[in-house]
Amino acid sequence: MSETAAKKVLLGVSGGIAAYKACEVLRGLQKAGCDVRVMMTEDATRFVGEVTFEALSGHAVATSLYGFKESSIPHIMLSEWADLIVVVPATGNVMAKMVAGLADDLMSATLLAAASPVLVAPAMNVRMWTNPATQANLETLRQRGVQFVMPTEGRLACGDVGTGKLADVDDIVSAALALLEGSAVPQAVVKDEAAKVQTVEVEGTPLGILEALRAAAAASGGAIVVEEPVRDLEGWNFLITAGPTHEAIDPVRFIANASTGKMGYTIARRAAERGAHVTIVSGPVSIPAPDGVEVVRVTSAAEMYDAATSRFGHGVDCAICTAAVADYTPKRPADHKLKKGIERIDVIELVETKDILAALSAAKGSGQVVVGFAAETNDLIAYAQAKLAKKGCDLIVANDVSRADSTFGADTSRISFVSADGVENLDTMPLEQVADAILDRVCTIMVA
Ligand code: CTP
């Protein structure tokens, strides 16, 4: 009999399509000698009947704070009984309730009363998983000591492709067994996108310490992977326009738009972190300058045009026009504050601004790459293709700003690359990954 014999595992099943996988996890734990009880949310019972878990576990299944055959206070009885609680699958809702400390049903009350380690295996739609709310909940729960078996990438029940698929049953079982034995969850099963970008600064780290860390990680079934920061853009010079422009009506009034500058600043930060020399020509935004990036602050479309075009010739390898430049500006801005009822401000005569992206595309020499953006609310690809042709740039990054996960100010974006080579649609991703995907794409154009 193994060391985990008769260890008591409380399996929490919440309402997602992956609930059926909890049956296999239950079986895997039993095979390893564990006694498994099951608690379910009410929604979970719509996916798999409690009778199934009752038959598999040999115990009554708890689904409610009331009417449980074995105890009148099931959340306390179960939390005291368990040596480990494993939540498979954990929905975004269950994670959020854990963070908030809610106890309005059996599952959340038992988790709040937990007296044992808790292992969580999330499964949900990719946008729900990458939503900053879920990612922040993940971080909070990790800081509180909750262990995770991270979801993997693949085709999800809703048809989307991305991260959100329940981890392999074997990985969940082995993580549970490791926790029951008092070991760390193997690194192979906690690896996730965030882990990929974590870097360890090795400069100046005594090799002996590194070797000791490696040995300690290996002893607990994990691994320390030391990745040096990727500096693949070293020697390249980027010019990025970002933010809105303000077009003066008079000294206190202006025409503006909803751009926050987040996309441009994130691209600039990642390009600098990847070794590039970066200049942002920025309209009025409230974002601080990224480390190591030169920021040229402008207000109007005309100032942005002058700042960008005058810098483009000087060794710039790539210009990325993320700015939401005003297309029109008041023809005759007043030099004093216009007075209501005395002066006419109901009609403002506008003139078209100069197109920076088109000017840079027309001026670009051999080896220079120019990238534009198309923020649209409808007919995304058709408009992006028209912009590619009209502006003469190498690549258009199209995003549908009518979507909440891709609109101005969002922390995620869903983009498509539109170029002479065709159209490539990407999943919704956090802005940092979107920035990297754009820079990767620019790299392939620059070295082509
Ligand atoms: N752009 C620019 N200078 C302008 C207007 C737009 O550099 N005066 C750039 C933007 O930075 C973006 C691209 O052109 O990279 C597309 O901008 P957008 O406002 O979507 O397109 P417009 O050409 O202005 O067309 P419309 O507003 O009709 O969609």
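A few points on the structure. Numbering of residues starts from 1 in every chain and runs along the sequence as written. Totals for whole chains, interfaces and linings use all residues, but because this is a predicted model, local features are given only for residues with pLDDT of at least 70 and pairs of side-chain atoms are given and counted only at 80 or more. Calculation of side-chain values draws on the structure's entire complement of heavy atoms; hydrogens and water are dropped beforehand.

Quick look at the site of the ligand
The test is simple: One heavy atom within 4 Å of a molecule or strand makes the whole residue count as near it. What qualifies as a polar contact is a pair of N or O atoms within 3.5 Å, subject to a donor-acceptor requirement within protein and to the restriction that residues adjacent in sequence count only when both atoms come from side chains. Throughout, the protein atoms alone are placed on a 1 Å grid, and a set of points is a cavity if a 1.4 Å probe fits but cannot get out or a pocket if it is open with protein on both sides within 12 Å along at least five of seven lines; lining residues have an atom within 4 Å of a point. Just a note on the criterion: a molecule sits in a pocket or cavity if more than half of its atoms are within 2 Å of the grid points. Working definition: helices are DSSP H or I runs of at least four residues, strands are E runs of at least two. Numbering for both runs from the N terminus. Under the convention adopted here, Pro, Cys and the residues Ala, Val, Leu, Ile, Met, Phe, Trp and Tyr are nonpolar, Asp, Glu, Lys and Arg are charged, and Gly plus all remaining residues are polar.
Close to the ligand lie 13 residues; Cys-321, Ala-323, Asp-327, Lys-387 and Lys-391 are nearest. A distance of 3.5 Å is found between a nitrogen atom of the ligand and a side-chain nitrogen or oxygen belonging to Thr-353. Separating an oxygen atom of the ligand from a side-chain N or O atom of Lys-387 is a distance of 2.7 Å. Of all the cavities here, the one that holds the ligand is the second largest pocket. When contributions to the shell around the ligand are tallied by element, the ones reaching two or more residues are α15 (356-363), β16 (369-376) and α16 (380-391). For the shell around the ligand, the per-class residue count stands at six nonpolar, two polar and five charged.

Section: the sheet that holds strand β17 (residues 395-400)
Just so we agree on the cut-off: Strands are labelled as partners when DSSP assigns at least two bridges between them. Axis angles are defined between N-to-C directions and span 0 to 180 degrees, where every axis is a line fitted to C-alpha atoms and, for a helix, only to the segment in contact. In this analysis, two residues are considered to be in contact whenever any of their non-hydrogen atoms come within 4.5 Å of each other.
Read across the open sheet, the eight strands follow the order β12-β11-β8-β13-β16-β17-β18-β19; overall the sheet is mixed. One side of each edge strand has no neighbouring strand; the edge strands of this open sheet are β12 (294-297) and β19 (422-430). Across the sheet, the axes of successive neighbouring strands diverge by a mean angle of 20°, strand direction being ignored. Two elements, β17 and strand β18 (residues 412-419), share four bridges in a ladder whose sense is antiparallel. Pairing of Val-397 across the sheet is with Phe-417, part of β18. Those strands touched by helix α14 (residues 301-312) are β8 (237-242), β11 (277-282), β12, β13 (318-321) and β16, and its axis lies near 170° from that of β8. α16 contacts β16, β17, β18 and β19 of the sheet and is inclined by roughly 155° relative to β17.

Examining helix α13 (residues 262-273)
Helical geometry note: an α-helix holds 3.6 residues per turn, so side chains three or four residues apart project in the same direction. The test is simple: Expected span of a helix, by definition, is 1.5 Å for each gap between consecutive residues, and there is one gap fewer than residues. Only protein chains enter the accessibility calculation, which uses a 1.4 Å probe. A residue is then buried if its area is under 20% of the maximum for its type, exposed if over 50%, and partly exposed in between.
Taking 1.5 Å of rise per residue, the twelve residues of α13 would be expected to cover 16 Å, and the 16 Å separating its terminal C-alpha atoms lies within 8% of that figure. Those residues of α13 lying buried are Met-263, Gly-264, Tyr-265, Thr-266, Ile-267, Ala-268, Arg-270, Ala-271 and Ala-272. Against the buried residues of α13 lie β8, β11, β12, β13, β16 and α17 (431-447). Positive backbone phi, at 105°, marks Gly-275, one or two positions downstream of α13.

Some thoughts on the layout of surface pockets
What counts is decided by this rule: Grid points are joined across faces, edges and corners, and a volume is the space filled by probe spheres set on the points.
Considering only enclosed or pocket space, the second largest pocket measures out at about 980 Å³ in volume. Along the walls of the second largest pocket sit 42 residues, with Ala-323, Ala-324, Val-325, Phe-373 and Ala-375 positioned nearest its centre. Of all elements in the fold, only β8, α13, α15, β16, α16 and β18 reach the threshold of two or more residues within the lining of the second largest pocket. Considering only residue class, the lining of the second largest pocket consists of 19 nonpolar, 15 polar and eight charged.

Re the sheet that holds strand β1 (residues 8-13)
The strand order across the open sheet built from five strands is β2-β1-β3-β4-β5, with neighbouring strands paired in parallel fashion. Looking at strand neighbours, the two that pair on one side only are β2 (35-40) and β5 (147-148), the edges of this open sheet.

Some thoughts on the packing of aromatic side chains
Applied cut-off: Two rings belonging to Phe, Tyr or Trp (six-membered ring only in the last case) form a pair when the distance between their centres is within 6.5 Å. Interplanar angles under 30 degrees mark stacking, angles over 60 mark edge-to-face geometry, and anything in between is tilted. Whether a charge sits over a ring comes down to the Lys NZ or Arg CZ being within 6 Å of the ring centre and within 35 degrees of the ring normal.
A full pass over the atoms with the stated rule returns zero aromatic pairs. The lysine or arginine in question, Arg-37, covers the ring of Trp-81, its NZ or CZ lying 5.1 Å from the ring centre.

Details of the nonpolar core
The cut-off we apply is this: By nonpolar core we mean a set of buried residues, namely Ala, Val, Leu, Ile, Met, Phe, Trp, Tyr and Cys, connected to one another through side-chain atoms within 4.5 Å.
Leu-11, Val-13, Leu-29, Phe-53, Val-86, Val-88 and Ile-172 are the most contacted members of the largest nonpolar core, which has 36 residues in total. Only β1, α1 (21-31), β2, α3 (50-57), β3 (84-90), β4 (118-122) and α9 (169-180) provide two or more residues apiece to this core. Tallying contributions element by element places α9 first for this core, with eight residues. When near neighbours in sequence (up to four residues on either side) are disregarded, Phe-53 contacts Val-13, Ala-19, Ala-22, Cys-23, Leu-26, Val-38, Met-40, Val-48, Gly-58 and Val-61. Formed by 34 residues, the second largest nonpolar core is a distinct cluster that contains Met-263, Ile-280, Val-293 and Val-369.

As for a nonpolar patch on the surface
Test applied: Distance thresholds for patches are 9 Å for like charges and 5 Å for nonpolar side chains (Val, Leu, Ile, Met, Phe, Trp, Tyr), applied to residues having over 30% relative accessible area and no salt bridge. Note that accessible areas follow from Shrake-Rupley with a 1.4 Å probe, and for residues the cover is restricted to the protein chains shown. Take a side-chain nitrogen of Lys or Arg and a carboxyl oxygen of Asp or Glu: if they are within 4 Å of each other, that pair is a salt bridge.
On the surface, a cluster of nonpolar side chains totalling about 320 Å² of accessible area is made up of Ile-17, Tyr-20 and Phe-47. A relative accessible area of 45% means that Tyr-20 is categorised as partly exposed.

Some remarks on the pairing of β3
Extensive coverage of β3 is indicated by the burial of seven of its seven residues. Residues of β3 alternate between two faces, with Leu-84, Val-86, Val-88 and Ala-90 on one and Ile-85, Val-87 and Pro-89 on the opposite face, all of them buried. Bridge count between β1 and β3: four bridges; the pairing is parallel. Across the sheet, the residue bridging to Val-9 is Leu-84, located in β3. Two strands pair when backbone bridges link them, and β3 and β4 are joined in this way by four bridges, in the parallel orientation. Bridge pairing in β4 links Ile-85 to Val-118.

Structural notes on the environment of Glu-273
Mapped onto the elements, Glu-273 comes out in helix α13. Separated by 20 residues in the primary sequence, Glu-273 and Val-293 place their C-alpha atoms 9.6 Å from one another. Setting aside anything within four residues of it in sequence, one finds Glu-273 in contact with Val-230 and Arg-231. At 2.6 Å, the side chain of Glu-273 and the side chain of Arg-270 are in polar contact.

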